[in-house]
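Survey of secondary and tertiary structure
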Amino acid sequence: MKLLIKTKDKTYPIYFGENKCFKIKKILAENKIKTKKLIIIYDKNVPIKIISKFKAKLKEDKNIFLGIQFNEKIKNLDTVKKILDILGKNNFNRNDCLITIGGGIAGDICAFAASVYKRGLNFVNIPSTLLSQVDSSIGGKTGVNNFFGKNMIGTFCQPNVVITDTVFLKSLPRREMICGYAEILKHALIQDKKFFIFLKNNFKSILNLKPNIIKKSIFNSCKIKKAIVEKDERENNLRKTLNYGHTFAHAFESTLGYTNKLNHGEAVLLGILTASKFSNKENLLPKSELELIENHIKELKYNNLNTYFEKNNINKISNFMIRDKKNNSKNINLILLRKIAKPVLNKKYPQIKVKKFLNSLIDK
Ligand SMILES: NC(=O)c1ccc[n+]([C@@H]2O[C@H](COP(=O)([O-])OP(=O)(O)OC[C@H]3O[C@@H](n4cnc5c(N)ncnc54)[C@H](O)[C@@H]3O)[C@@H](O)[C@H]2O)c1
């Protein structure tokens, strides 16, 4: 199964299927990536058995394999520099290729390095987490964090190929499956109420990797993101809806200093819940639909803001929100929901209003 992403910049395929990544040689040839040199940067938590099998399929001694323990704390320019130095030292040229096997963190960092090295190296993304398969591997956003917040430095640069292979999900901890589920849920909430109902009815099968259900959920999610990025690659308008819940989520993560106490997908789930509550408070999302969302998030056994924050964190959270990339004024720009599948763009609120709202949700 294949999906073509057609942007102004580039048209590229996403290949889907169990064990598809082992067809790497054929896929490179099909996409006319005739490279002399390959570097494969992989997340060290991907089972070594898969990496070894992948290595064997490439059969070239001169390929460079580099394992990195990726996490949000090393999603920064230092890591990018290390990768660029390796590319430079080994005299990589534009028609050579960087392949990444990893989650959203590995993908975002390596895609950024590939996009700036000699102004663009071939890049193949093999996402190994549910989150990266349904979201971060599609649409060409690359980037790293800095002191001022999340994904503050980056480029738009589409990959040459994406290979989405469910073989990777078998070793993924349940906690990470829920993180990926958060982005699938976001796609349903902004675009497709029927899909949301499907998710409510099938989330246990998704988390337990029931083959047909997980395949359908990944594919639907990718189709929703494809439709959006094809219409608005550079996030001038419609693509902003993909940030539903994320203005809150990124501020939550940044406030906690990217600890694994709250990882990205978990922050997204909390962000979705918070944005839905805010939408209801603003007389947009009806109470009945807020309850549907809230009950579903509770079914996932999720904690609320009080698990992570105290009232004295609110200043810091709202300061990160004001620095969000979507803002160009003193106000906080939020994506809200009028109804499930009916997002509202560019709602702007003074910081004080958001602070009062957070104050109403955090007990102590
Ligand atoms: N570029 C985009 O459009 C976009 C969209 C959404 C999120 N993101 C970014 O994605 C990142 C989050 O991605 P993520 O949730 O994949 O996190 P991640 O990359 O940290 O992966 C989660 C965890 O799973 C481990 N892992 C990876 N593959 C594994 C496997 N097959 N088996 C076992 N463990 C495995 C990793 O080592 C890590 O501990 C954030 O930095 C976020 O900003 C980017």
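Residues numbered from 1 in each chain as written. Predicted model: local features only at pLDDT ≥ 70, side-chain atom pairs only at ≥ 80, totals over all residues.

**Quick notes on the overall build of the protein**
What counts here: The numbering of helices and of strands both runs from the N terminus, where a helix is a DSSP run of H or I of at least 4 residues and a strand a run of E of at least 2. Radius of gyration here is computed from C-alpha atoms only, and the compact-globule reference equals 2.2 Å multiplied by the residue count raised to the power 0.38. In this scheme the burial state of a residue depends on its C-beta neighbours within 10 Å: 20 or more other such atoms mean buried, 12 or fewer mean exposed, and anything in between means partly exposed; the C-beta positions come from the backbone. Here contacts are defined at the residue level, using C-beta atoms placed from the backbone and a cut-off of 7 Å between them.
If you tally the helices and strands in the protein, you get 13 helices and eleven strands. The C-alpha radius of gyration computed for the protein amounts to 20 Å, which stays within 12% of the reference 21 Å derived for 364 residues, consistent with globular compactness. Dimensions of the protein, computed from the C-alpha atoms along their principal axes, are close to 60 × 40 × 35 Å. When each of the 364 residues of the protein is scored for burial, the buried share is 45%. A separation threshold of at least 6 residues defines the contact pool for the protein, and within that pool the share at least 24 residues apart is 76%.

**Things to note about the nonpolar core**
Formally: Buried Ala, Val, Leu, Ile, Met, Phe, Trp, Tyr and Cys residues form a nonpolar core when they are connected through C-beta atoms within 7 Å. These domain limits were set by an automatic method or by a database of domain assignments.
In terms of nonpolar packing, the biggest core is built from 94 residues, with Leu98, Cys110, Leu189 and Ile272 touching the most fellow members. Sort the elements by how many residues they give to this core and helix 6 (residues 174-191) lands first, with nine residues. When residues of this core are assigned to domains, at least three map to each of domain 1 (2-171) and domain 2 (174-361). Sequence-distant contacts of Leu98, that is, excluding residues within four places in its chain, are made with Ile39, Ile41, Cys110, Ala114, Leu121 and Phe123.

**Brief notes about unusual backbone geometry**
Negative phi is the rule for most residues except glycine; trans is the rule for most peptide bonds. The backbone of Leu209 sits at a positive phi, close to 60°, despite the residue not being glycine. Structurally, the position occupied by Leu209 is in the loop between helix 7 (193-207) and helix 8 (211-231). Although it is not a glycine, Glu235 adopts a positive phi angle of roughly 60°. Inspection of the secondary structure assignment puts Glu235 in the loop between helix 8 and helix 9 (246-255).

**A few points about the sheet that holds strand 4 (residues 64-68)**
Let me state the cut-off plainly: At least two DSSP bridges between two strands are needed for those strands to be called paired. Only the stretch in contact is used when fitting a helix axis, every axis being a line fitted to C-alpha atoms; angles between N-to-C directions are given from 0 to 180 degrees.
Taken together, seven strands build an open sheet; the order of strands is 1-2-9-6-5-3-4 and the sheet is mixed. Edge positions in the sheet fall to strand 1 (2-6) and strand 4, since each of these pairs with one other strand and no more. Averaged over all adjacent pairs, the angle separating strand axes in this sheet is 15°, with direction ignored. Pairing of strand 3 (residues 38-43) with strand 5 (residues 97-102), which is carried by five bridges, proceeds in the parallel orientation. Residue pairing for strand 5: Ile40 is matched across the bridge by Ile99. Strands in contact with helix 8 are strand 1, strand 2 (11-16) and strand 9 (161-164); relative to strand 1, the strand with the most contacts, it is inclined by about 15°.

**Comments concerning the site of the ligand**
Threshold: Nearness here is judged by the C-beta atom: place it from the backbone, and if it falls within 6 Å of a molecule or strand, the residue counts as near that partner.
The environment of the ligand is formed by 29 residues, the closest being Asn45, Gly103, Gly104, Thr129 and Ser136. Broken down by secondary-structure element, the contributors of at least two residues to the shell around the ligand are helix 4 (104-116), helix 5 (130-136), helix 6 and helix 10 (264-281). Looking at which domains feed residues into the shell around the ligand, each of domain 1 (2-171) and domain 2 (174-361) supplies at least three.

**A word on the environment of Asn319**
Here Asn319 is to be found in helix 12 (residues 314-322). On the basis of neighbour count, Asn319 is assigned to the partly exposed category, with 16 C-beta atoms found within 10 Å. Residues Asn319 and Ile109, 210 residues apart in the sequence, show an inter-C-alpha distance of 25 Å.

**What to know about the pairing of strand 8 (residues 149-153)**
Where strand 7 (residues 144-146) and strand 8 come together, two bridges link them in antiparallel fashion. When the sheet's bridge partners are listed, Val144 is paired in strand 8 with Ile153. The hairpin turn running from strand 7 into strand 8, its antiparallel successor, is two residues long.

**A closer look at the domain arrangement of the protein**
Interfaces are often sized by the amount of accessible area the parts lose when they come together. By the assigned domains, the protein splits into domain 1 (2-171) and domain 2 (174-361). Of the residues lining the interface, 27 residues belong to domain 1; the matching set on domain 2 comes to 28 residues. Those elements that provide at least two residues to the side of domain 1 that touches domain 2 are strand 1, strand 2, helix 5 and strand 8. Element by element, the count of residues in the side of domain 1 that touches domain 2 is highest for helix 5, at five residues.

**Looking at the environment of Phe198**
Structurally, the position occupied by Phe198 is in helix 7. C-beta crowding within 10 Å serves as the criterion here: with 17 such atoms nearby, Phe198 is assigned to the partly exposed category. For the pair Phe198 and Phe147, spaced 51 residues apart in sequence, the C-alpha separation works out to 40 Å.

**Some words on the packing of helix 9 against helix 10**
Test applied: Note that the term roughly parallel is reserved for angles under 35 degrees, roughly antiparallel for angles over 145, roughly perpendicular for angles of 65 to 115, and oblique for everything else. Each crossing gets its hand from how the near helix is turned against the far one by less than a right angle, where anticlockwise is left-handed and clockwise is right-handed. Ten residues, namely Ala, Val, Leu, Ile, Met, Phe, Trp, Tyr, Cys and Pro, are considered nonpolar, four, namely Asp, Glu, Lys and Arg, are considered charged, and the remaining ones, Gly among them, are considered polar.
One can describe the packing of helix 9 onto helix 10 by two numbers: an axis separation of 7 Å at closest approach and a directional angle of 130°. Compared by their axis directions, helix 9 and helix 10 come out oblique. Remark: the crossing between helix 9 and helix 10 carries right-handed chirality. Here His246, Phe248, Ala249, Phe252 and Glu253 of helix 9 come into contact with helix 10, specifically with His264, Ala267, Val268, Leu270, Gly271, Thr274 and Ala275. When its residues are assigned to classes, the contact of helix 9 with helix 10 shows seven nonpolar, four polar and one charged.

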